[in-house]
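Chain and residue survey
The chain contents come next:
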Number of protein chains: 2
Amino acid sequence: MKEYAFGVDVGGTSIKMGFFRIDGTLLESWEIETNTGNNGNRILPEIAEAICKKIKASGIQRQEVEGIGIGVPGPVDESGIVNGCVNLGWGKVDVSKELCRMTEGIPVRVGNDANLAALGEAWMGAGQSCRNMVMVTLGTGVGGGIIAEGRIINGYHGAGGEIGHLTVDDHETELCNCGKKGCLEQYASAGGIVSLARKELAESSEDSALRGMDEITAKIVFDEAQNGDALAQKAVEKACDKLGAALANISAVADPQMIVIGGGVSKAGKFLLDLVHEAFLKKCFHASASTAFSLAKLGNDAGIYGGVRLLL
Amino acid sequence: MKEYAFGVDVGGTSIKMGFFRIDGTLLESWEIETNTGNNGNRILPEIAEAICKKIKASGIQRQEVEGIGIGVPGPVDESGIVNGCVNLGWGKVDVSKELCRMTEGIPVRVGNDANLAALGEAWMGAGQSCRNMVMVTLGTGVGGGIIAEGRIINGYHGAGGEIGHLTVDDHETELCNCGKKGCLEQYASAGGIVSLARKELAESSEDSALRGMDEITAKIVFDEAQNGDALAQKAVEKACDKLGAALANISAVADPQMIVIGGGVSKAGKFLLDLVHEAFLKKCFHASASTAFSLAKLGNDAGIYGGVRLLL
């Protein structure tokens, strides 16, 4: 093992970069903008440039770098090929091969961003020492990563841990972005929570702090629920019930030691965690009843940690 | 690697034993009765005796045996301890340690029986060469095994692949044996299919070949459905819809290359397989739509093959 490594987390608006010692010490992190012009074909050259610049500025040798571990917002197949990242404008891209060439030979490993965040949390975050862990990320979408026996379940088509698209409601009439109906993402994403609150508002004339607000966000719904607003509480409970039920089903498949909740929505903290845990206990198989629940600890850095972990 | 191995599959009424060459050639298989008296404390000694006798009769040396791989009908934790097998009368049993001692030092590895059946099918059965495979076993209960990157997902509490206990119906009022409501097992097990048919009979006055029968079995329901009996078809479709939906959710977690259906109920063959596949396609995440479906190929031998695979 060489002494240094880079972790990269490619998002739709910015790219998070981390310069690490191989033992997991984050020496420096920074962000660059995601250049989505020209079908995103400047993204990899700009990452390569940033890394080469950092190597030079740090006074280390290219030969001291173990590799680059990079997470992308799309499915990665068994052979490491990225099969389409809508947010980046990418079709099929061989990220490992291209980024390796652009950095003049630094080895590259690539993974799905949500999977790498899970791997990062299992390595240096909430799930330290857990060989079996599930992470769910609640943000614009609902993503996830399943760690079984210390390794990511990537899946044959790169769709392992796509837990935002578990069906949790057979009676849903509205469509999810994916084209199905009743996906977890329709209830437990930031937008899903807002839409549950809007439905409650439309379906009752109950008094609520949310009524008449121009803009409702997931944060506002959680804040008002914690303030005792009954209607906001109903929306939050529905979201947590769906998430708890989905996690119970995931546990009947992967049976983790710990479930970690991250992403922007998880800033609602213990209030969210306790409600999800309670809903989980109502639906889980008895053998999994002692599964631990935790909030994520690495925040937006989880992905860059996971990238480095992928190299080890 | 030594030349020979034993695979053992412990059931509630009989114990299947297999004498193998390490390359997966089954040289001989036989069964002994499961002695469940005295809290099942004669089971391991009788297995040890049968194996030692076979070694002697075959003229091979104990030193030529790589090991014994044994499947048990209950959860096996991370350290290989069996945590209760109701059907055997067992509480906590350290099967590896005890059986190794009883065979004077042959190494023993232990796994859950449904998981080992999946491993067997992935090794020498329907899923040959699949590193990502899900097997579901439809019998008295509904069991399963998840193979990710060539390895069983055993889970932290030994509940990996407990797919009979995925919740597939939130509105169920009857209890599953496990104490929950709406488990897959309540619809897709042999008894579940019969109970769906009985409900159809009770809820309508529709003419049906099943009406007035003294004893209805899952086989009869499938046979009549294939004969065109509309009521039997409704029951079969409901069971297959639930199973397909559960498999779609499992695919959003583990994303297998192939789903294998085994167990007594799978004798309904292609008729069953096609209905389940159709239901799966209605509910699966688009990336998993090309997942292959197959009937199991090893029948009751899957578990002994899986036992040997566990040793490799």
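What comes next is a walk through the structure. (Residues numbered from 1 in each chain as written. Chains lettered and ligands numbered in written order. Predicted model: local features only at pLDDT ≥ 70, side-chain atom pairs only at ≥ 80, totals over all residues. Heavy atoms only, no water.)

A complete count under the given rule lists 10 aromatic pairs over all chains for this structure. Judged by centre distance (5.0 Å) and plane angle (75 degrees), the rings of A:Phe20 and A:Tyr305 are edge-to-face. On the criterion of sequence distance, the pair formed by A:Phe20 in strand 2 (residues 14-21) and A:Tyr305 in helix 10 (residues 302-311) is long-range, its members being 285 residues apart. Of the two residues, A:Phe20 and A:Tyr305, neither departs from the other in class, the shared state being buried. The rings of A:Tyr4, A:Phe6 and A:Phe19 are connected pair by pair, giving a single aromatic cluster. The ring of A:Trp30 is capped by A:Lys54, whose NZ or CZ atom sits 4.3 Å from the centre of that ring. Between the NZ or CZ atom of B:Lys242 and the centre of the ring of B:Tyr187, over which it lies, the distance is 5.2 Å. (Phe/Tyr/Trp six-rings, centres within 6.5 Å; stacked < 30°, edge-to-face > 60°. Helix = DSSP H or I, 4+ residues; strand = E, 2+ residues; numbered from the N terminus. Buried < 20%, exposed > 50% of the residue type's maximum accessible area, 1.4 Å probe, protein only. Lys NZ or Arg CZ within 6 Å of the ring centre and 35° of its normal.)

A word on the sheet that holds strand 8 (residues 133-138) of chain B. Adjacent strands of a sheet pair through backbone hydrogen bonds, lying either parallel or antiparallel. Residue and element names in this part refer to chain B. Strand order in the open sheet formed by five strands is 10-9-8-11-12, with mixed pairing between adjacent strands. Edge positions in the open sheet fall to strand 10 (151-152) and strand 12 (292-295), since each of these has one partner strand only. Both strand 9 (residues 142-148) and strand 10 contribute to a ladder of two bridges, which runs antiparallel. Bridge pairing links Ala 148 to Arg 151 in strand 10. The strands touched by helix 4 (residues 113-124) within the sheet are strand 8, strand 9, strand 10 and strand 11 (258-262), with strand 9 carrying the most contacts at an inclination of about 50 degrees. (Pairing = 2+ DSSP bridges. Contact = heavy atoms within 4.5 Å. Axes fitted to C-alpha atoms, helices over the stretch in contact; angles between N-to-C directions.)

Further remarks concern the interface of chain B and chain A. The partner chain A presents 43 residues to the 43 residues of chain B that form the contact. In this assembly, chain B packs against chain A so that about 3600 Å² is buried in total across both faces, 53% of it on carbon and sulfur atoms. Between chain B and chain A we count two salt bridges in total. A salt bridge links B:Asp170 to A:Lys283; its shortest N-O distance comes to 2.7 Å. When contributions to the side of chain B that touches chain A are tallied by element, the ones reaching two or more residues are strand 9 and helix 8 (230-254) of chain B. With six residues, the top contributor of residues to the side of chain B that touches chain A is helix 8 of chain B. (Buried area = accessible area lost by both parts, 1.4 Å probe. Salt bridge = Lys/Arg side-chain N within 4 Å of Asp/Glu carboxyl O.)

Next up on the list: unusual backbone geometry. The backbone of A:Glu104 shows a phi angle near 55 degrees, a positive value even though the residue is not glycine. Positionally, A:Glu104 belongs in the loop between helix 3 (95-102) and strand 7 (108-112). In this structure, B:Glu149 is a non-glycine residue whose phi angle is positive, near 50 degrees. Here B:Glu149 shows up in the loop between strand 9 and strand 10.

This paragraph deals with the side chain of A:Lys242. Residues and elements named next belong to chain A. Looking at the secondary structure, you find Lys 242 in helix 8 (residues 230-254). A distance of 3.1 Å separates the side chain of Lys 242 from the side chain of Asp 169, its partner in a polar contact. Non-local contacts of Lys 242, meaning those with residues more than four positions away in its chain, are made with Val 168, Asp 169, Leu 184 and Tyr 187. (Polar contact = N/O pair within 3.5 Å; in protein donor to acceptor, adjacent residues only side chain to side chain.)

Residues and elements named next belong to chain B. As a packed pair, helix 7 (residues 218-226) and helix 8 sit with axes 7 Å apart at the nearest point and diverge in direction by 120 degrees. For helix 7 against helix 8, the interelement crossing comes out left-handed. Here Val 221, Phe 222, Glu 224 and Ala 225 of helix 7 come into contact with helix 8, specifically with Ala 232, Gln 233, Ala 235 and Val 236. When its residues are assigned to classes, the contact of helix 7 with helix 8 shows six nonpolar, one polar and one charged. (Left-handed = near helix turned anticlockwise from the far one by under 90°. Nonpolar A, V, L, I, M, F, W, Y, C, P; charged D, E, K, R; others polar.)

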